[in-house]
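Reading the structure
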Amino acid sequence: MSDRAEVLGILREFGVTVFVNSKAGGGRARSYLRQIQKLFESNQVQPQFVMTNSAGELELAAQNAILQGRRALFAMGGDGTFQVLANAAFGSDALLGVLPLGGGNDFAAALGLPDDPVRAAEALLRGHPRFVDLARVRTGEGRTRLYAGGGGIGLDAQALQYANGMFRHFPGRFRYVASALRALAGYVPIDVRLEFPGSAFGAMEAKALLAGVLNTPTYGAGMQLAPGADIGDGLLEVVLLENLNVFEVMAILPRLIGSGELRTSRLKRWRIERVRLTTGQSCLFHGDGEIIGPTPVEIEAVPRAIQVLAPSME
């Protein structure tokens, strides 16, 4: 039996539960539901849509669906929405999917999915199952959380309040670049120490704009901070962007806005299984655009953590 036939068999037998972030896409989620429903039904797949208004509501609903024997669980929203579903499903035999409709859809992009939820649904119906890695973070206050794409401390974490606030209606990557520029005004670089337990890399200390730990090649709606990252290699990519002056920032902006590339000699990268970040002053760590908790934090790769639907390479 082919992977596609196996996938359709699972979807037809168990149906698909789609957890919809009602706030995703500027509240446009409902406008896609009828098209997606018709698409599933034309393939003899029965969808069930669950509207959710918060991360806690979505996670509880997903856990209940798993307890009820639902096998195919999709998240409709951005990276943060999928993160919630991944945490709920971790350790189960659920088959997950993502219908991207967020400000940043970097995990969906890493899977090779279109950035339109209807086209993504079409691709998943023709897709195949694969196991992917997640990142597990433990914060200074003892919280443990999984994330799927990118996480970090510094400028990007501070920029989140603007990305989710005054710039939330800006399109794609420009939303995150504009938010970072706004956060840069008056920003004080952080003193950060990076340690790599179990590896040959020595510890490093620096004044940094940001320190990121990525599972996906891109971050913030397509910014290529870790072009070598792979969601299936059992490793994470640590990215350190050292302090830049205003002229250095202006020099990298055109390429960053245009293609998402970040080219500067002040950018350093490591591919590792585990990293510990300690800061001189308390900083908040985010994963997939959601604040998780304060430093110090330790992040590790979790290989083959969940099974997801990915588009066919044909």
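Scope of this entry: the structure provided in the associated data block.

Cut-offs used in this document
- Residues numbered from 1 in each chain as written.
- Predicted model: local features only at pLDDT ≥ 70, side-chain atom pairs only at ≥ 80, totals over all residues.
- Heavy atoms only, no water.
- Axes fitted to C-alpha atoms, helices over the stretch in contact; angles between N-to-C directions.
- Helix = DSSP H or I, 4+ residues; strand = E, 2+ residues; numbered from the N terminus.
- Parallel < 35°, antiparallel > 145°, perpendicular 65-115°, else oblique.
- Left-handed = near helix turned anticlockwise from the far one by under 90°.
- Contact = heavy atoms within 4.5 Å.
- Nonpolar A, V, L, I, M, F, W, Y, C, P; charged D, E, K, R; others polar.
- Phe/Tyr/Trp six-rings, centres within 6.5 Å; stacked < 30°, edge-to-face > 60°.
- Buried < 20%, exposed > 50% of the residue type's maximum accessible area, 1.4 Å probe, protein only.
- Pairing = 2+ DSSP bridges.

**Points about the packing of helix H3 (residues 30–42) against helix H7 (residues 117–125)**
At a minimum axis separation of 9 Å, H3 and H7 run at an interaxial angle of 20°. Classed by the angle they form, the pair H3 and H7 counts as roughly parallel. The crossing of H3 and H7 is right-handed. Contact residues: Tyr 32, Gln 35, Ile 36, Leu 39 and Phe 40 in H3; Pro 117, Val 118, Ala 121, Glu 122 and Leu 125 in H7. When its residues are assigned to classes, the contact of H3 with H7 shows eight nonpolar, one polar and one charged.

**A word on the packing of aromatic side chains**
Tallied over the entire structure, the rule returns five aromatic pairs. With a centroid separation of 4.7 Å and an interplanar angle of 15°, the aromatic rings of Phe 82 and Phe 107 are classed as stacked. Highlighted residues: Phe 82 in helix H5 (residues 79–89) and Phe 107 in helix H6 (residues 106–111), separated in sequence by 25 residues. Residue Phe 82 is classed as buried on the basis of its relative accessible area of 1%. Chaining the aromatic ring pairs together yields one cluster made of Phe 196, Phe 201 and Trp 270.

**Quick notes on the environment of Ala 62**
Within the secondary structure, Ala 62 is located in helix H4 (residues 55–67). According to the relative accessible area criterion, Ala 62 is buried, its value standing at 0%. As for Ala 62 and Leu 85, which are separated by 23 residues in sequence, their C-alpha atoms are 6.6 Å apart. Residue contacts for Ala 62: discarding those within four places in its chain leaves Phe 19, Leu 73, Leu 85 and Ala 88.

**Quick notes on the pairing of strand E12 (residues 274–279)**
Covered by surrounding structure in E12 are Val 275, Leu 277 and Thr 279 only, the residues Arg 274, Arg 276 and Thr 278 on the alternate face being uncovered. Bridge count between strand E8 (residues 190–195) and E12: four bridges; the pairing is antiparallel. Paired with Glu 195 across the two strands is Arg 276, which belongs to E12.

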